[in-house]
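Each chain is listed here by its residues.
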Amino acid sequence: MAKDYSFQTCPKCRIGYLRAVGERNGGFSGGKAVLGAVVAGPLGLAAGALSRKKTMYQCNRCGYTIEN
């Protein structure tokens, strides 16, 4: 499960706080593709193309960004 970085102290400057600034869908997952192929055969390879949502966080003080 993805960690929610909102209101966490910035790992770079240690003063500011991280806040969510955007979301995007992730890309191809090799692990999902292999697991899908084992469980469901060739059709399971398509599972690797399924993406998960990634959130971008930015420090309100130094501007450092991290994606999770």
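Q: Help me understand the sheet that holds strand 2 (residues 53-59), please; the structure alone is not making it clear to me.
A: Read from one edge of the open sheet, 3 strands run 1-2-3, paired in antiparallel fashion. Only two strands of the sheet have a single partner each, and these edge strands are strand 1 (18-25) and strand 3 (65-67). Taken over all neighbouring pairs, the strand axes of this sheet differ in orientation by 20° on average, direction set aside.

Q: Help me understand the pairing of strand 2 in this model?
A: Two faces belong to every sheet, and in a regular strand the side chains alternate between them. Where strand 1 and strand 2 come together, 7 bridges link them in antiparallel fashion. Counterpart to Gly-22 in the pairing with strand 2 is Met-56. Where strand 2 hands over to strand 3, the hairpin turn is made up of 5 residues, of which Gly-63 adopts a positive phi near 85°.

Q: Which parts of the structure should I look at to understand the nonpolar core?
A: It is characteristic of soluble globular proteins that their nonpolar side chains tend to be buried jointly. Counting residues in each nonpolar core, the largest one holds 5 residues, listed as Cys-10, Leu-18, Tyr-57, Cys-59 and Ile-66. Beyond its immediate chain neighbours, meaning those up to four positions away, Cys-10 contacts Gly-16, Leu-18, Cys-59, Cys-62 and Tyr-64.

Procedures and definitions
Residues numbered from 1 in each chain as written. Predicted model: local features only at pLDDT ≥ 70, side-chain atom pairs only at ≥ 80, totals over all residues. Heavy atoms only, no water. Pairing = 2+ DSSP bridges. Helix = DSSP H or I, 4+ residues; strand = E, 2+ residues; numbered from the N terminus. Axes fitted to C-alpha atoms, helices over the stretch in contact; angles between N-to-C directions. Core = buried A, V, L, I, M, F, W, Y, C linked by side-chain atoms within 4.5 Å. Buried < 20%, exposed > 50% of the residue type's maximum accessible area, 1.4 Å probe, protein only. Contact = heavy atoms within 4.5 Å.

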